[in-house]
Amino acid sequence: MTSVDLPIRARFHRAFWGLKDTALRIAGRLGHERGGDRLAVQHLREASAQDGRLTNDVLNSMRAQQSHAANKNLAKRLALAIRPGDLDRPLSDMPMQHKAAKLLEDALGRHRISSIANIGARVDLVSAYLAPRFPSVKFTSVDFQDDLAVSNAPLGLATNWHFVSGYALDLLGSGAIKPEGIIMTSTSVLMNNRELDEFFATLSSVKLLVLNEAWWPFPHRLDFWKVHTPEDVPEGRPVVGGRHNNYHHNYPEKLTRHGFQIEVSRIVPGSEAGACAYQVVATR
Ligand SMILES: C[S@@+](CC[C@H](N)C(=O)[O-])C[C@H]1O[C@@H](n2cnc3c(N)ncnc32)[C@H](O)[C@@H]1O
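One structure accompanies this document, and this report is about it. Nothing here was measured: the structure is a model prediction, and the numbers come from that model.

### Re the overall build of the protein chain
Logical step 1: When you go through the protein chain residue by residue, the secondary structure sums to eleven helices and ten strands.
Logical step 2: Looking at the protein chain as a whole, 40% of its 284 residues qualify as buried.
Logical step 3: Contacts in the protein chain between residues at least 24 apart in sequence constitute 67% of all its contacts with a sequence separation of at least 6.

In structure tokens, the structure reads:
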């Protein structure tokens, strides 16, 4: 059962009543342009929730849009590189990738695995920090772009840190990568319901799965005052919401169905205003 503590309840309520997100949705319903854009994206995500794997056209366009040359936020991302002591701060002060690194560092301390892939890595602060600290573990950053090594070079490349470009479902399904562990942060929330199921189905040899994902209030639900947990999400029907119109999945149900045992399932303070983070560590 996912744990949620009281400060997080307060944070959720602030996020809801902070209204930035909610106001835009209401504005959208009233025909306001900016809110309308958000509503359009929300509808698109809802309409694609059962689409399954991405088509080649979509994959090609993501590859182009997110190439090294097109990565306008590269410097901003690199500036968040994790330095010694950063992971000793309270979780509420940590950017998302730092939280993910802390969660994975703790999990690697408990579980002996030889390899881990960061899916949706792009600028991979997590592997950059942990690879030198776990020299016997092979780290692989996986994302669509062809130029991952170029974007990540300023982080200092460790010999046990590798890059593989492609669509994770294909790479795992074909055996092109065979990691014993998987980490994802801010990525499984982009996968639609069937796509995430197909993804989990490729993980039959994975022993450790670590997820650190944004978790937002569900403002369009009638019981909006409640802090929803993943278990509140109807099976197979992710809730679309939050500032980025993320999919909020019922992770415990999906992971259990795919043969994982849940070791950690908790909602912790987020880094973006209003967002919380959902953390899960699952093993088999
Ligand atoms: C929001 S970014 C997060 C990047 C990084 N993990 C971070 O926290 O900064 C999501 C990344 O996942 C990749 N991605 C998006 N949709 C995906 C999908 N359906 N399957 C796998 N990767 C995806 C994108 O290329 C992008 O680099």
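### Notes on the site of the ligand
Logical step 1: The ligand sits among 18 residues. The nearest are G120, R122, S186, T187 and L190.
Logical step 2: Looking at side-chain class alone, the shell around the ligand contains nine nonpolar, six polar and three charged residues.

### Some remarks on the nonpolar core
Logical step 1: In this structure, L104, L209 and V210 are the most contacted members of the largest nonpolar core, which totals 61 residues.
Logical step 2: The residues touching V210, leaving out its near neighbours within four places in the chain, are L103, L104, A107, I183 and V281.

### Section: the environment of V126
Logical step 1: Summarising the element assignment, V126 is placed in helix α7 (residues 125-130).
Logical step 2: Sequence separation between V126 and K102 is 24 residues; the distance between their C-alpha atoms is 8.7 Å.

### Digging into helix α6 (residues 96-110)
Logical step 1: For α6, spanning 15 residues, the distance from its first C-alpha to its last is 22 Å, which sits close to the expected 21 Å at 1.5 Å a residue.
Logical step 2: Inspection of α6 places M96, Q97, H98, K99, A100, A101, K102, L103, L104 and A107 among the buried residues, and these make up the whole buried set.

### Things to note about the pairing of strand β5 (residues 181-185)
Logical step 1: Along β5, five of the five residues are buried, which leaves the element largely enclosed by surrounding structure.
Logical step 2: Burial along β5 is two-sided: G181, I183 and T185 and I182 and M184, pointing in opposite directions, are all buried.
Logical step 3: As paired elements, strand β2 (residues 115-119) and β5 share four bridges and run parallel to each other. Bridge pairing links A117 to I182 in β5.
Logical step 4: Two elements, β5 and strand β6 (residues 208-215), share five bridges in a ladder whose sense is parallel. Bridged to I182 within β6 is L209.
Logical step 5: Tracing the backbone out of β5, into helix α10 (residues 193-201) and back to the parallel element β6 gives a crossover that is right-handed.

### What to know about the sheet that holds β6
Logical step 1: Taken together, eight strands build an open sheet; the order of strands is β1-β9-β10-β6-β5-β2-β3-β4 and the sheet is mixed. Looking at strand neighbours, the two that pair on one side only are β1 (3-4) and β4 (161-165), the edges of this open sheet.
Logical step 2: Alignment of β1 against strand β9 (residues 261-269), held across two bridges, turns out to be parallel. By the bridge assignment for β9, V4 is matched with I267.
Logical step 3: Where α6 meets the sheet, it contacts β5, β6 and β10 (276-283), and its direction lies at approximately 155° from that of β6.

### Brief notes about the environment of H248
Logical step 1: As for its placement among the helices and strands, H248 is situated in strand β8 (residues 246-248).
Logical step 2: On the basis of neighbour count, H248 is assigned to the buried category, with 23 C-beta atoms found within 10 Å.
Logical step 3: Between the alpha carbons of H248 and P217 there is a distance of 9.9 Å; along the sequence they are 31 residues apart.
Logical step 4: Each residue touching H248, except ones within four places of it in the same chain, is listed here: W215, V233, P238, V239 and G241.

### Some details on the pairing of β10
Logical step 1: Of all the eight residues making up β10, seven are buried; the element is thus mostly covered by neighbouring parts of the structure.
Logical step 2: Pairing of β6 with β10, which is carried by eight bridges, proceeds in the antiparallel orientation. Note on β10: the bridge partner recorded for L211 is V280.
Logical step 3: For β9 and β10, the ladder comprises eight bridges, and the chain directions are antiparallel. Residue pairing for β10: Q261 is matched across the bridge by T283.

Rules behind the numbers
- Residues numbered from 1 in each chain as written.
- Predicted model: local features only at pLDDT ≥ 70, side-chain atom pairs only at ≥ 80, totals over all residues.
- Helix = DSSP H or I, 4+ residues; strand = E, 2+ residues; numbered from the N terminus.
- Buried ≥ 20, exposed ≤ 12 C-beta atoms within 10 Å, placed from the backbone.
- Contact = placed C-beta atoms within 7 Å.
- Near = placed C-beta within 6 Å.
- Nonpolar A, V, L, I, M, F, W, Y, C, P; charged D, E, K, R; others polar.
- Core = buried A, V, L, I, M, F, W, Y, C linked by C-beta atoms within 7 Å.
- Expected span 1.5 Å × (residues − 1).
- Pairing = 2+ DSSP bridges.
- Right-handed = clockwise from strand over helix to strand, strands pointing away.
- Axes fitted to C-alpha atoms, helices over the stretch in contact; angles between N-to-C directions.

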